[in-house]
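# A closer look at the structure
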Protein chains: 2
Amino acid sequence: MGETGTRTRDAVDDFLDQWAALRSDLDLEAMGAVGRLLRLTRLVEKEVGRYFAEHGMERWEFDVLATLRRSDRPLTPKELAGSVMVSSAALTNRIDRLAARNLVARETVPGDRRSLHITLTDAGRALVDDTVEGHVRNERRMLARLDEKDCDELNRLLRMLLTTMEGDA
Amino acid sequence: MGETGTRTRDAVDDFLDQWAALRSDLDLEAMGAVGRLLRLTRLVEKEVGRYFAEHGMERWEFDVLATLRRSDRPLTPKELAGSVMVSSAALTNRIDRLAARNLVARETVPGDRRSLHITLTDAGRALVDDTVEGHVRNERRMLARLDEKDCDELNRLLRMLLTTMEGDA
DNA sequence: ACGTAATCATTCGACGTCGAACTATCTCTC
DNA sequence: GAGAGATAGTTCGACGTCGAATGATTACGT
């Protein structure tokens with residue numbers, strides 16, 4: 001009975017035990033949560049990268065293409081950079097390479113000659129649509145240990161943290 | 001009454017709505033959880049980096065020094081690289097710079113001349129002890145929106161995910 | 001209107017990381 | 001005990017990102 005998996009220790013538990021032995025004044029709950037967040041994300045990113053590599057593309061390509069795909073209007077480089085959370089310099093580089101492969105196109109925007117509209121080509125849209133399904137399946141697989149209730153709960157907690165940190169940015 | 005903050009939307013909610021309108025077949029729970037994880041981590045990393053920059057050091061320095069600090073025995077570069085999750089090449093570079101600032105030292109290990117023991121100098125240990133407390137306070141501040149029960153719950157959920165992904169690595 | 005400040009994309013130099021190749025050392029087998 | 005293979009740390013070249021500086025265009029104040 002009781003094989004809930006709750007008793008299983010992770011690497012961060014060891015990490016916290018070591019700190020507790022040295023500095024009993026530290027806030028272990030906070031260290032644990034942040035430590036797990038950073039560590040888990042690294043592993044998730046590695047796995048996501050593995051999936052895309054297996055399908056002949058890189059994650060940053062999907063990030064940009066998918067952002068354009070799900071938007072109902074053309075986006076500017078600045079908007080794209082904000083969405084994928086990289087610098088404008090990095091985004092110029094990404095657009096260069098996507099455009100070279102004919103996955104996106106740069107178009108002038110009527111009212112403002114400083115700015116651009118980045119649009120998805122047919123090839124770009126097809127590439128997103130072909131890969132997004134498997135990508136999401138892979139994400140679900142990584143969360144397989146969580147039942148529906150736990151998954152809801154995780155989303156609720158992360159949303160709370162995200163709104164605060166997005167707010168005072 | 002009822003000011004729970006649960007009704008607040010984050011950027012990922014918009015993200016999900018856009019996908020739902022286009023592809024009703026996708027697993028929004030999974031996309032949301034992973035999306036929030038990656039996005040939140042980026043913000044947390046930025047804030048952590050800001051704290052350390054404010055105290056005249058960089059996060060990678062603290063990562064290495066703190067790993068040495070909480071270990072009761074000397075660690076090899078390989079062990080350190082595993083702990084902080086970077087390549088051995090990156091770790092050589094980090095040790096070089098930490099050693100140049102007299103925060104760590106390379107010592108030969110008796111039984112094996114291939115390997116090394118990286119040890120903390122007095123200055124290194126002092127630097128960790130001086131900064132760890134504020135760092136943890138900053139972590140707690142980022143989690144301020146979560147009460148104790150929610151924080152426990154978050155740790156439980158992240159631990160479950162972490163153990164699975166650490167396991168089949 | 002005119003000039004100043006703000007905004008947008010791009011370029012530039014510096015930096016840190018990675019994977020692969022390399023050297024040195026150890027282990028295991030016969 | 002000698003040679004093949006594994007293991008540890010370092011070096012090397014390539015790559016992507018960032019902050020700052022640049023050039024072009026637009027918005028604002030008087």
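Predicted model, so just to flag it, every value in this text is computed and none were measured.

Here is what the cut-offs are and how they apply
Residues numbered from 1 in each chain as written. Chains lettered and ligands numbered in written order. Predicted model: local features only at pLDDT ≥ 70, side-chain atom pairs only at ≥ 80, totals over all residues. Heavy atoms only, no water. Patch = residues over 30% accessible without salt bridge, like charges linked within 9 Å, V, L, I, M, F, W, Y side chains within 5 Å. Areas by Shrake-Rupley, 256 points an atom, 1.4 Å probe, with all protein chains shown as cover. Salt bridge = Lys/Arg side-chain N within 4 Å of Asp/Glu carboxyl O. Lys, Arg positive; Asp, Glu negative; His and termini not counted. Charge placed at Lys NZ, Arg CZ, Asp CG, Glu CD. Helix = DSSP H or I, 4+ residues; strand = E, 2+ residues; numbered from the N terminus. Disulfide = S-S within 2.5 Å. Contact = heavy atoms within 4.5 Å. Buried area = accessible area lost by both parts, 1.4 Å probe. Polar contact = N/O pair within 3.5 Å; in protein donor to acceptor, adjacent residues only side chain to side chain. Nonpolar A, V, L, I, M, F, W, Y, C, P; charged D, E, K, R; others polar. UniProt positions renumbered as here; feature names shortened; annotations may be inferred.

### Observations concerning a negative patch on the surface
A cluster of like negative charges, contributed by E29 of chain A together with D147, E148 and D152 of chain B, occupies part of the molecular surface. Topologically, D147 of chain B is positioned in the loop between α6 (122-142) and α7 (148-167).

### Here's the deal with the state of the cysteines
Under the criterion given, the structure shown has zero disulfides over all chains. Of the cysteine sulfurs around C151 of chain A, a residue in no disulfide, the closest is that of C151 of chain B, at 19 Å.

### A word on the interface of chain B and chain A
Counting residues at the interface gives 68 residues for chain B and 68 residues for chain A. Summed over both sides, the interface between chain B and chain A buries roughly 7,600 Å², with carbon and sulfur atoms accounting for 66% of that surface. Three residues stand out in chain B for area buried against chain A, namely R70, M85 and M165 of chain B, and they jointly supply 10% of the buried area on that side. Along the contact surface separating chain B from chain A lie 12 salt bridges. Two residues, R159 of chain A and D13 of chain B, come together in a salt bridge whose shortest N-O distance is 2.9 Å. At the surface where chain B touches chain A, the tally comes to 25 residue pairs in polar contact (both at pLDDT 80 or more). Elements represented by at least two residues in the side of chain B that touches chain A include exactly α1 (11-22), α2 (28-54), α3 (59-70), α4 (77-84), α6 and α7 of chain B. Residues of the side of chain B that touches chain A, tallied by class, amount to 32 nonpolar, 10 polar and 26 charged.

### Some points on the UniProt feature "domain: HTH marR-type" (unreviewed entry) in chain A
UniProt's feature table lists "domain: HTH marR-type" (unreviewed entry) at residues 30-163 of chain A, given in the numbering used throughout. As annotated, residues 30-163 of chain A has a helix share of 71% and a strand share of 11%, and its two end C-alpha atoms lie 18 Å apart.

### Describing the environment of F52 of chain B
Residues and elements named next belong to chain B. Mapped onto the secondary structure, F52 falls in helix α2. Taking the C-alpha atoms as reference points, F52 and V64, 12 residues apart in sequence, are found 14 Å from one another. Not counting the four nearest positions on each side in its chain, F52 is found in contact with M57, E58, R59, F62, T131 and H135.

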